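Letter by letter, the chains look like this.
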2 protein chains.
Amino acid sequence: MDTKQIPYKIYLEESEMPKEWYNVRADMAKKPAPLLNPVTKKPCTLDELSEIFCEELAKQELNETDRYIPIPQEIRDFYKMYRPSPLVRAYCLEEKLQTPAKIYYKFEGNNTSGSHKLNSAIAQAYYAKNQGLKGVTTETGAGQWGTALSMACSYLGLDCRVFMVKCSYEQKPFRKEVMRTYGAKVTPSPSEETEVGRMILKEHPGTSGSLGCAISEAVETAKNNEGYRYVLGSVMNQVLLHQTIIGLETKAALEKYGQKADIIVGCAGGGSNLGGLIAPFMGEQLRGENSYKFIAVEPASCPSLTRGKYAYDYCDTGRVCPLQKMYTLGSGFIPSSSHAGGLRYHGMSSVISELYDQGLIEARSVEQTEVFKAAVEFARVEGILPAPESSHAIKVAIDEAMKCKETGESKTIVIGLTGTGYFDMYAYGKYNDGVMSDYVPTDEEIDESLKNLPVID
Amino acid sequence: MDTKQIPYKIYLEESEMPKEWYNVRADMAKKPAPLLNPVTKKPCTLDELSEIFCEELAKQELNETDRYIPIPQEIRDFYKMYRPSPLVRAYCLEEKLQTPAKIYYKFEGNNTSGSHKLNSAIAQAYYAKNQGLKGVTTETGAGQWGTALSMACSYLGLDCRVFMVKCSYEQKPFRKEVMRTYGAKVTPSPSEETEVGRMILKEHPGTSGSLGCAISEAVETAKNNEGYRYVLGSVMNQVLLHQTIIGLETKAALEKYGQKADIIVGCAGGGSNLGGLIAPFMGEQLRGENSYKFIAVEPASCPSLTRGKYAYDYCDTGRVCPLQKMYTLGSGFIPSSSHAGGLRYHGMSSVISELYDQGLIEARSVEQTEVFKAAVEFARVEGILPAPESSHAIKVAIDEAMKCKETGESKTIVIGLTGTGYFDMYAYGKYNDGVMSDYVPTDEEIDESLKNLPVID
C-alpha cells in the first residue's frame, strides 16, 4: 500500500467551505441555448419563468454572466449539518486493482437523503420560503430527490408534495416512508389528482409511470395551488449551479494536498451531479488555466448523450414545461422496466449538452450488470455500498484505472460518488441472484421516439 | 443560534485517532464476576474459552489488568476507511428545544453496516484471520451486527455464516441482501441446520426465533466445523473493549475544543455501545480525576437493568455458552413481538452490570412510541434518521435538555448515536400511521422468566 501521506478521507474545515456557487456559463464562450416558451417558441422571460419557479431561482436560471453567486448564510448553515462531504482516497480499491492510478471519490451519501440531491433541495426550499410561499411540488423517480426535498421542507416548515413514479413507489415503499417521516405528501404518478394524470391513466390504464409524466403532474399542481411553486432535482441550470458545491469542495480538498485531477468521472442522468462536480474544473479549462479529461457515464438503456439527438425537446410528457435544447431520446422515451435505479430521464442538462457538443466532455454508456459488478467490487473493499447511479461512474473509473495498470501511468482519477444504495437492495438482490438483465434500445426504438420532437423555426 | 466557535462536526485528524483500546476493568476496584463453565460451574480458563473464541480474543476476554491494549495496524487501517466518526454539535436540536444545554452526538452510522458494530467486527475478523481460521459464525437480531461482520469478513477473505432471528429475516429482507452482497451465508433461525435449531423447531413449530436461540445455533455450527470460531457483537468484555474507540474519539474531540461532558447517554441492549462510549470517562471517574453522570437507556419492553436480577445466567437459549453474572430477565425472556429494532437481549454486559450495581451508572427505561417521537423530532432538525436503538438515547437526552431549560443550566450532554434507521422503515411506517403499540411486561411475566436461572453454589 501507499505511504499514505494523504489521509484516507480529506475533510475541509468549516472555514474552508465554499461561500459562493460557481456559474460555469459565465466562462462559456458559446452559451447553452435558451429555454423556449412552449406556446410562443420564443426565449422564456424572467416573468414567464417566475410563474413556475421562485423568482430568485428564475433569475439564477437565466444568469449567464455572474461567475460566482453568493450562497445565503442560512443555506451555508444547513450545509454545515451534513457537509463538507469527504473526498476519500480509495487506497483499498487501488490495492485491490494493483493499479498505479490514484483514485479519489467525493462521497455525497452521508446524509439521510442518501445523495447529493440535498445540496439543491435546501437551496430551492430556502428561496421558496423566502418568497413567502406555502409549499412546493415536485416529482421523484428513484426517490433521492423527493427525500432530499422532504428533508429541506421539513427543516424550513414548508409543505411538500411529491409525485413519485408509480413503479418506484411500489418497488421502494421504504423511500416513500422516509419522505412521510419528514412530513411530505407522496402520491404515486400518474394519479387521479391532476388533469394530466387522469388523461394519461385513461390512455394507458396499466402504466407504471415515468419521470416526464410525474413532472407534468407536479407542475400542474403548483399552478393550481395558491402559494405553491414547482421545484426540480436536476437538468436545470439552477440545479447545476447549487451542485457546484461538490466540485468546489473537491477542488479545494485536492489543492489542500497538492493534488491535481487528470480524469473526472461522474454518472449522468439529468446531469446535475456531473455538472456540479466538473464545473469548477471545466471553468479552469475554459479559461485556459488547466486541462482535464471529463467523462459522463450513462446507462446503455437510457443513452441520451451517446445515442440521442441535440435538439429542442419537451422536458415533460404533458408538454407544459419550457422547451430545452439538449441531447434527448424524445420526451416519450421510457427506459426498459428492467433498468434499476435513476438515470432514466430522456434528456440532459443544457449546460452538459452544450459542453459535450463542443467536445469538452466524453460520454460512455454502460450496461447495468457490469455496473453492479463494479458496485459490489467497490463495496467489498471500500466499505460503502454505492447507489446504482453512482456505480456507473465507478465502473468507468475502474476501467480507466486498469488502463493505467497497462500503461504504467499513475493518473489521478476523481469519481463523483453521488450516494448509497441502501434503498436499492431489490436491485442488488437481482444481481446477487444472477437474474439481472441488460437492455439496450434498438436504433428503431430511438428513431421512433425522436419522431415527436417539437418543430422550432 | 449560538456563536458557533465550535464547528457543527468535529473530526479528529487521522494522526489523532486512538492507537490503543482502553480496558476499563483495569481501573475497577471490584471487577465483574468471571465467566463460568456451564458444566463445571468453575471460572472459564483460557483454554476453555479458546475452544469457542479465537485465542487472542479469549485473552482479551480475561484480561483485567492491562489498562491499554494496542490496536493492530491492520485494524487501524480499516478504521481509517470509515473513522474517525464525527462528534456533532446538535445546534439545530438545541435551537428547536430552546435549551441552554449543549448537545453533542457521536455519530457511528456513516458506514454501510449503519452502526458502531463494525468497530468490533473488524477486530474479531482480524484475529480470526490471523489465527489461520477459515471462517466465523454469528447470530444477528436487528441485523447491524451481521452486516458489520459480513463487511469485515469480505474485506479479509473469511467465510461468514450468519444466523438471523427469523422474524427479523422476514421483516428486513434488505438487511439480509446487504449481507449477501458482502458474500455472507444468511440462515433464518431457528433452522434445520443445527441440532439445537431442530430441537427448538420441534418444541415450538411456529416460533419466530430469538437472539438466545440464534446464538446457540451459531456456537454449534462453529464447534462442528473445522477452522471456524464463533464471534459475537455485544455483551462480552472483548466487544466492549473494541468499542472504546467510540469513547476515546469522543473524549479527544471534546478536549480538542476545551469541552467537558456533564451527562453521557447511550442506549443499552447488550451494552457494547454504551460501554465503549462511557469507558474512558468512567475510567477518569474511577481514578478520581473527574465525574460524570452516565445514563443507560433501555426499552421498557426488555428492561434488564431496571427490572432484571443481578445473577449468573445463561447467555443463550441452548445453554452451551459460558454463564455470566449480569442483570438478566432470564434466558428464556423474549420481548413482545411489537418491539421494533434491537435492544432485545435478555441480559447485559457484565462490565455494565457491575458498574450499575456499584451505583456508577443510572438506568432508565422508555416506551417505543415516545422513542419514535423523539427520533422523528431529531431527524427533522438534524438531518439524520436515527436507528430505533439510538433513538432511546435521543429521547432521554431531550428529557435532560428540557430539564436544563427549566433550571437554566447549560450542561453538556453527549449522546451515543449508534446508527441510522434506513432498514427500519417498516417500524417508522407503523409510527407514521399511528399504529405503533407499547408493551411493558408484567411483574409476573418477569418473575416467571427468572425462575429458570441456573443454581450456582
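Residues numbered from 1 in each chain as written. Chains lettered and ligands numbered in written order. Predicted model: local features only at pLDDT ≥ 70, side-chain atom pairs only at ≥ 80, totals over all residues. Heavy atoms only, no water.

Novice: Would you mind going over the overall build of chain A with me for this structure?
Specialist: Along the backbone of chain A there are 18 helices and 15 strands. Taken over the C-alpha trace, chain A has a radius of gyration of 20 Å; the compact-globule value for 457 residues is 23 Å, and the two agree within 12%. Seen through its principal axes, chain A has C-alpha atoms that stretch 60 × 50 × 45 Å. Within the span of chain A, comprising 457 residues, buried residues form 66% of the whole. For chain A, restricting intrachain contacts to residue pairs at least 6 apart in sequence, the fraction spanning at least 24 positions comes to 77%. Roughly 15500 Å² of accessible area belongs to chain A as shown, and the carbon and sulfur atoms make up 47% of that amount. Each charge class in chain A can be summarised by its mean position, and for the 50 positive and 59 negative side chains these summaries are 2 Å apart. (Helix = DSSP H or I, 4+ residues; strand = E, 2+ residues; numbered from the N terminus. Rg over C-alpha atoms; globule rule 2.2 N^0.38 Å. Buried < 20%, exposed > 50% of the residue type's maximum accessible area, 1.4 Å probe, protein only. Contact = heavy atoms within 4.5 Å. Areas by Shrake-Rupley, 256 points an atom, 1.4 Å probe, with all protein chains shown as cover. Lys, Arg positive; Asp, Glu negative; His and termini not counted. Charge placed at Lys NZ, Arg CZ, Asp CG, Glu CD.)

Novice: I keep staring at the relation of the copies chain A and chain B and nothing clicks. Help me out?
Specialist: Taken together, a rotation about one axis and a shift along it account for how the two chain copies relate. Mapping chain A onto chain B is achieved by rotating through 180° and translating by 0.0 Å along the same axis, at an RMSD of 0.0 Å. In symmetry terms, the pair is related by a two-fold rotation axis. No C-alpha of chain A approaches the rotation axis more nearly than that of Asn-110 of chain A, which lies at 3.1 Å. The residues that chain A uses at the interface reappear at the interface of chain B in 100% of cases, marking a shared surface. (Least-squares fit on C-alpha atoms with pLDDT ≥ 70 in both.)

Novice: Could you clarify how one ought to interpret the interface of chain A and chain B in this entry?
Specialist: Across the contact, 43 residues belong to chain A and 43 residues belong to chain B. Together, the buried faces of chain A and chain B total about 4000 Å²; carbon and sulfur atoms form 55% of this surface. Three residues, Thr-181, Arg-380 and Tyr-422 of chain A, lead the burial of chain A against chain B; their summed loss comes to 16% of the area buried on that side. Viewed at the interface, chain B and chain A are joined by two salt bridges. Joining chain A to chain B, the criterion identifies 21 residue pairs in polar contact (both at pLDDT 80 or more). Contributing elements (two or more residues each) for the side of chain A that touches chain B: helix H3 (73–82), helix H6 (144–156), helix H8 (173–181), helix H15 (368–382) and helix H17 (425–432) of chain A. (Buried area = accessible area lost by both parts, 1.4 Å probe. Salt bridge = Lys/Arg side-chain N within 4 Å of Asp/Glu carboxyl O. Polar contact = N/O pair within 3.5 Å; in protein donor to acceptor, adjacent residues only side chain to side chain.)

Novice: In this structure, what is going on with helix H5 (residues 118–130) of chain A? I would like to understand it.
Specialist: Note: α-helices contain 3.6 residues per turn, so residues at a spacing of three or four share the same orientation. All names here are of chain A. The end-to-end C-alpha distance of H5 is 18 Å, a good match for the 18 Å that 13 residues give at a rise of 1.5 Å each. Of all 13 residues in H5, eleven are buried; the element is thus mostly enclosed. Where H5 is concerned, the buried positions are Leu-118, Asn-119, Ser-120, Ala-121, Ile-122, Ala-123, Gln-124, Ala-125, Tyr-126, Tyr-127 and Ala-128. Just downstream of H5 lies Gly-132, where phi reads positive at about 80°. (Expected span 1.5 Å × (residues − 1).)

Novice: How do you make sense of helix H17 (residues 425–432) of chain B when you look at a structure like this?
Specialist: All of the buried residues along H17 of chain B are Met-425, Ala-427, Tyr-428 and Gly-429 of chain B. At its buried positions, H17 of chain B is contacted by H8 of chain A together with helix H15 (368–382) and helix H16 (388–407) of chain B. Immediately beyond the C-terminal end of H17 of chain B, within one or two residues, lies Gly-434 of chain B, with a positive phi of roughly 70°.

Novice: Explain the pattern of salt bridges here, please?
Specialist: Between side chains of opposite charge, a pair can form when the charged atoms approach closely. Throughout the structure, instances matching the rule amount to 60 salt bridges over all chains. Across the pair Arg-287 of chain A and Asp-27 of chain A runs a salt bridge whose closest N-O atoms are separated by 2.8 Å. In this pair, Arg-287 of chain A sits in the loop between helix H12 (272–286) and strand S11 (293–299) while Asp-27 of chain A sits in the loop between strand S2 (20–22) and helix H1 (46–52), placing the two residues 260 residues apart along the sequence. On the accessibility criterion, Arg-287 of chain A (28% relative accessible area) is partly exposed. What makes Asp-27 of chain A buried here is its relative accessible area of 12%. For Lys-451 of chain B, the salt bridge identified is with Glu-448 of chain B, shortest N-O distance 3.2 Å.

Novice: It is not clear to me how the side chain of Gln-259 of chain B should be interpreted in this structure. Could you clarify?
Specialist: Residues and elements named next belong to chain B. Tracing the sequence through the fold places Gln-259 in the loop between helix H11 (237–256) and strand S10 (263–267). Take Gln-259: its relative accessible area is 17%, and that puts it in the buried class. Of note is the side chain of Gln-259, whose polar atom sits 3.0 Å from the backbone oxygen of Tyr-257. The contacts of Gln-259, once residues within four sequence positions are left out, are Ile-6, Lys-102, Tyr-104 and Leu-254.

Novice: Looking at this structure, I do not really get the packing of helix H2 (residues 55–62) of chain B against H11 of chain B. What am I missing?
Specialist: If you want to describe how two helices pack, look at the angle between their axes and the distance between the axes. Residue and element names in this part refer to chain B. Two elements in contact, H2 and H11, have axes separated by 8 Å at closest approach and are oriented at 90°. By the angle between their directions, the pair H2 and H11 is classed as roughly perpendicular. Contact residues: H2 offers Leu-57, Gln-60 and Glu-61, while H11 offers Asn-237, Gln-238, Leu-241 and His-242. Taken together, the residues of the contact of H2 with H11 sort by class into two nonpolar, four polar and one charged. (Axes fitted to C-alpha atoms, helices over the stretch in contact; angles between N-to-C directions. Parallel < 35°, antiparallel > 145°, perpendicular 65-115°, else oblique. Nonpolar A, V, L, I, M, F, W, Y, C, P; charged D, E, K, R; others polar.)

Novice: In this structure, what is going on with the packing of aromatic side chains? I would like to understand it.
Specialist: Centre-to-centre distance and the angle between the planes together describe a pair of aromatic rings. Residues and elements named next belong to chain A. Overall, the coordinates contain 33 aromatic pairs over all chains when judged by the stated rule. Measuring from ring centre to ring centre gives 5.2 Å for Phe-281 and Tyr-292, while their planes differ by 80°; the resulting arrangement is edge-to-face. Here Phe-281 is found in helix H12, whereas its partner Tyr-292 is found in the loop between H12 and S11, with eleven residues between them in sequence. When sorted by exposure, Phe-281 lands in the same class as Tyr-292, which is buried. Put simply, the rings of Phe-78, Tyr-79, Tyr-82 and Tyr-155 touch in pairs and so form one group of aromatic residues. Of note, Lys-176 hangs over the ring of Tyr-169, and the distance from its end group to the ring centre comes to 4.8 Å. (Phe/Tyr/Trp six-rings, centres within 6.5 Å; stacked < 30°, edge-to-face > 60°. Lys NZ or Arg CZ within 6 Å of the ring centre and 35° of its normal.)

Novice: Sorry, what's going on with unusual backbone geometry here?
Specialist: Generally, phi is negative for residues other than glycine and the peptide bonds are trans, each holding for most cases. All names here are of chain A. Residue Pro-190 follows Ser-189 across a cis peptide bond; omega there is 5°. Relative to the elements of secondary structure, Pro-190 occurs in the loop between strand S8 (185–189) and helix H9 (195–203). With a phi angle near 60°, Lys-41 is a residue other than glycine that sits in the positive phi range. In this model, Val-235 sits at a positive phi of 65°, which is unusual for a non-glycine residue. Structurally, the position occupied by Val-235 is in the loop between strand S9 (228–230) and helix H11 (237–256).

Novice: So what exactly am I meant to see when it comes to the sheet that holds strand S1 (residues 9–10) of chain A here?
Specialist: Sheets are built from strands that pair by backbone hydrogen bonding, the pairs being arranged parallel or antiparallel. Residues and elements named next belong to chain A. As summarised here, the arrangement of the seven strands in space is S1-S4-S5-S15-S10-S11-S14, forming an open sheet in which the pairing is mixed. The open sheet terminates on both sides in strands that have one partner only, identified here as S1 and strand S14 (362–366). Of the strand pairs in this sheet, strand S4 (residues 87–89) and strand S5 (residues 102–107) are connected by three bridges, and their pairing is antiparallel. Note on S5: the bridge partner recorded for Leu-87 is Lys-106. (Pairing = 2+ DSSP bridges.)

Novice: Help me out: how do you make sense of the state of the cysteines in this one?
Specialist: Covalent bonding between the sulfur atoms of two cysteines defines a disulfide. Tallied over the entire structure, the rule returns zero disulfides over all chains. Between Cys-44 of chain A, a free cysteine, and Cys-315 of chain A, which holds the nearest cysteine sulfur, the sulfur-to-sulfur gap is 9.6 Å. Here Cys-54 of chain B stays unpaired: no disulfide links it, and the sulfur of Cys-153 of chain B, its closest cysteine neighbor, is 10 Å away. The class for Cys-54 of chain B is buried, based on a relative accessible area of 0%. (Disulfide = S-S within 2.5 Å.)

Novice: Looking at this structure, I do not really get the side chain of Thr-147 of chain B. What am I missing?
Specialist: Residue and element names in this part refer to chain B. Its location among the elements puts Thr-147 in helix H6 (residues 144–156). Judged by relative accessible area, Thr-147 falls into the buried class, the value being 0%. A polar side-chain atom of Thr-147 sits 3.5 Å from a polar atom in the side chain of Arg-175. Ignoring anything within four residues of it in the chain, the contact list for Thr-147 reads Thr-112, Ser-113, Arg-175, Val-178 and Met-179.

Novice: Quick question: what am I supposed to make of the sheet that holds strand S6 (residues 135–140) of chain A here?
Specialist: All names here are of chain A. Strands sit in the order S8-S7-S6-S9 across an open sheet of four strands; the sheet is parallel. Every interior strand has two partners, whereas the edge strands, S8 and S9, have only one. Direction aside, neighbouring strands of the sheet carry axes that sit 25° apart on average. Set on the sheet, helix H10 (residues 211–224) makes contact with S6, strand S7 (159–165), S8 and S9; between it and S6 the angle comes to about 170°.

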